[in-house]
Amino acid sequence: MRRCEVNFEEVVSLENLCEAWQEFIRGKRKKKDVQEFGFHLSDEIVSLHKELVSGTYRHGPYHEFRINDPKPRIIHKASVRDRLLHHALHRRLYPYFASRFIADSFSCQKNKGTHRALDRFRQKILSVSRNHSKTCWVLKCDIRKFFASVDQCMLVELLEGCIADRRLVLLLCEIIGSFSTKPGKGIPLGNLTSQLFANIYMDPFDHYVKQDLRFNHYIRYADDFVFLSTNQKELEFVLKKSHVFLSEVLALDMHPNKIFLKTIASGMDYLGWTHFSHYCVLRTKTKKRMMKRIVQNPTETALQSYLGMLGYGDGYKLGERLKNDHWICG
């Protein structure tokens, strides 16, 4: 596999920083910290550029806050100048790494996402079951505290194996080292670079499943992944092999309470929907969260967004209920 040809100078150039700013401010123009940075934009970008070129740049601290979406999470938000650099790095590095990722990896990638993953899952069910003529078993797994468990040394090794430019690797090391859950562990939820790092970190596992185990019916979305087969024993074998690889190679542990092995006919929860052989319905928790958000934000835009989401499964009756109860006129 060819190595990444992007170099340090491309990433830290004034041109790339300015273009990254235009991408960064989308949807953030009303944020106070973004407005303050933008008020002195030219000076801020030139200053950041000079620090990067001279090697004096140091990543700043994070602002910590909690969200419930749907479960409690701790988000770490970097300063505007640091996030601008994250965008500058991502826009240059993403195309190379995206070309390496398997087709069945769907999180945080252009032209992919949740809906594409759901479509692919339904396609896999049809393929494995041979149009519902055979029993389709599904093994669903989740990694315990994935972002907090990423081994920083392993992540750096993976980056060094792909990126030839040493200064660029050192800049990435500065970002990786700016945060830790404990010595040598963790990447922050909230960084754009963390989304890319997560896919880079899990990429060896994806290729192990596809190439070493030769298991084709596999889909991963972030740290949530599924295997499909007509053979229950085959999935039990894959589970053992996956556990060993994740533990010994990537220093990750599967969440013991989030491993499920069942037939699709009995229903499998995946990405907010409960899937059955011939249809899928919105999970009860997802439905309650959706209703709560519409009550909190009863706008036509929000309603149309959820109606669009319901179109991906058997959500007609729920959609009609939403329109009757919450329709916003004019």
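This one's a predicted model, so the numbers in the text were calculated from it and none came from an experiment.

> Would you mind going over the overall build of the protein chain with me for this structure?
The secondary structure content of the protein chain amounts to 14 helices and 9 strands. A compact globule built from 330 residues would reach a C-alpha radius of gyration of about 20 Å, and the protein chain, at 22 Å, matches this within 12%. The principal-axis extents of the C-alpha atoms in the protein chain amount to approximately 65 × 55 × 30 Å. Within the protein chain, the fraction of its 330 residues that count as buried is 45%. When contacts within the protein chain are restricted to residue pairs at least 6 apart in sequence, those whose partners lie at least 24 apart make up 70%. When the accessible surface of the protein chain is split by element, carbon and sulfur atoms take 50% of a total near 17400 Å². Here the protein chain contributes 52 positive and 36 negative side-chain charges, whose respective centroids are spaced 6 Å apart.

> Quick question: what am I supposed to make of helix 10 (residues 192-212) here?
Residue pairs spaced three or four apart in an α-helix point in one direction, given the helix's 3.6 residues per turn. Helix length check: helix 10, at 21 residues, gives a terminal C-alpha distance of 30 Å against a target of 30 Å (1.5 Å per residue), a fit within 8%. By the criterion of burial, helix 10 is predominantly enclosed, with 16 of the 21 residues buried. Positive backbone phi, approximately 55 degrees, marks Arg214, located one or two places after helix 10.

> Just to check I follow, could you spell out the sheet that holds strand 9 (residues 280-282) for this structure?
Through backbone hydrogen bonds, the strands of a sheet pair up, either in parallel or in antiparallel fashion. Pairing within the open sheet is antiparallel, and its 3 strands lie in the order 7-8-9. The outermost strands of the open sheet, each flanked by one partner alone, are strand 7 (268-270) and strand 9. Along the sheet, successive strands turn relative to each other by an average axial angle of 30 degrees, direction set aside. Relative to strand 8 (residues 273-275), strand 7 runs antiparallel, the two sharing 3 bridges. Note that in strand 8 the partner of Asp269 across the bridge is Thr274. Where helix 6 (residues 114-129) meets the sheet, its contacts fall on strand 7, strand 8 and strand 9, and the angle it forms with strand 8 comes to roughly 10 degrees.

> Explain the layout of surface pockets to me, please; I cannot follow it from the model alone.
The gaps of empty space that remain are located by a probe, the size of a water molecule, rolled over the atoms. What the second largest pocket holds in volume is close to 300 Å³. Lining the second largest pocket are 17 residues; nearest its centre among them are Phe24, Lys28, Arg83, His87 and Gly190. Those elements that place two or more of their residues in the lining of the second largest pocket are helix 3 (32-39), strand 2 (72-77), helix 5 (80-100) and helix 10. When grouped by side-chain class, the residues that make up the lining of the second largest pocket number 6 nonpolar, 6 polar and 5 charged.

> When you look at the pattern of salt bridges in this model, what are you seeing that I'm missing?
Close approach of charged atoms allows side chains with opposite charge to pair. Applying the stated criterion across every chain, the model contains 14 salt bridges. Residue Arg91 is joined to Glu19 by a salt bridge in which the shortest nitrogen-to-oxygen separation is 2.9 Å. Taken as a pair, Arg91 in helix 5 and Glu19 in helix 2 (residues 14-24) lie far apart in primary sequence, 72 residues in all. Among the residues examined, Arg91 registers a relative accessible area of 24% and is labelled partly exposed. Among the salt bridges present, the one from Arg220 reaches Asp206, with a minimum N-O distance of 2.9 Å. Of this pair, Arg220 sits in strand 4 (residues 218-221) while Asp206 sits in helix 10, and the two are 14 residues apart along the sequence. Summarising the burial analysis for this pair, Arg220 and Asp206 share the class buried. A network of salt bridges, in which partner residues are shared, links Asp104, Arg120, Lys124 and Lys210.

> I would appreciate a short explanation of the sheet that holds strand 3 (residues 137-142) in the present structure.
Read across the open sheet, the 4 strands follow the order 4-5-3-6; overall the sheet is antiparallel. The open sheet terminates on both sides in strands that have one partner only, identified here as strand 4 and strand 6 (260-263). Strand-to-strand twist across the sheet, computed as the mean angle between neighbouring axes with direction ignored, equals 15 degrees. Bridge analysis of strand 3 against strand 6 gives 4 bridges, and the strand direction is antiparallel. Following the sheet pairing, Leu139 is matched in strand 6 by Leu261. Along the sheet, helix 10 makes contact with strand 4 and strand 5 (224-229), crossing strand 4 at roughly 175 degrees. Along the sheet, helix 11 (residues 232-248) makes contact with strand 3, strand 5 and strand 6, crossing strand 5 at roughly 150 degrees.

> When you look at unusual backbone geometry in this model, what are you seeing that I'm missing?
Most peptide bonds take the trans configuration, and most residues that are not glycine carry a negative phi. In the Ramachandran plot, Ala222 falls in the positive-phi region, its phi being about 60 degrees despite a non-glycine side chain. Relative to the helices and strands, Ala222 resides in the loop between strand 4 and strand 5. One non-glycine residue, Ala251, lies in the positive phi region at around 55 degrees. Note that Ala251 resides in the loop between helix 11 and strand 6.

> What exactly am I supposed to notice about the pairing of strand 3 here?
Burial runs high along strand 3: 6 of the 6 residues are buried. The two faces of strand 3 match: Trp137, Leu139 and Cys141 on one face and Val138, Lys140 and Asp142 on the other face are all buried.

What counts, and where the lines are drawn
- Residues numbered from 1 in each chain as written.
- Predicted model: local features only at pLDDT ≥ 70, side-chain atom pairs only at ≥ 80, totals over all residues.
- Heavy atoms only, no water.
- Helix = DSSP H or I, 4+ residues; strand = E, 2+ residues; numbered from the N terminus.
- Rg over C-alpha atoms; globule rule 2.2 N^0.38 Å.
- Buried < 20%, exposed > 50% of the residue type's maximum accessible area, 1.4 Å probe, protein only.
- Contact = heavy atoms within 4.5 Å.
- Areas by Shrake-Rupley, 256 points an atom, 1.4 Å probe, with all protein chains shown as cover.
- Lys, Arg positive; Asp, Glu negative; His and termini not counted.
- Charge placed at Lys NZ, Arg CZ, Asp CG, Glu CD.
- Expected span 1.5 Å × (residues − 1).
- Pairing = 2+ DSSP bridges.
- Axes fitted to C-alpha atoms, helices over the stretch in contact; angles between N-to-C directions.
- 1 Å grid on protein atoms, 1.4 Å probe; cavity = no way out; pocket = protein on both sides within 12 Å on 5 of 7 lines; lining within 4 Å.
- Points joined across faces, edges and corners; volume = space filled by probe spheres on them.
- Nonpolar A, V, L, I, M, F, W, Y, C, P; charged D, E, K, R; others polar.
- Salt bridge = Lys/Arg side-chain N within 4 Å of Asp/Glu carboxyl O.

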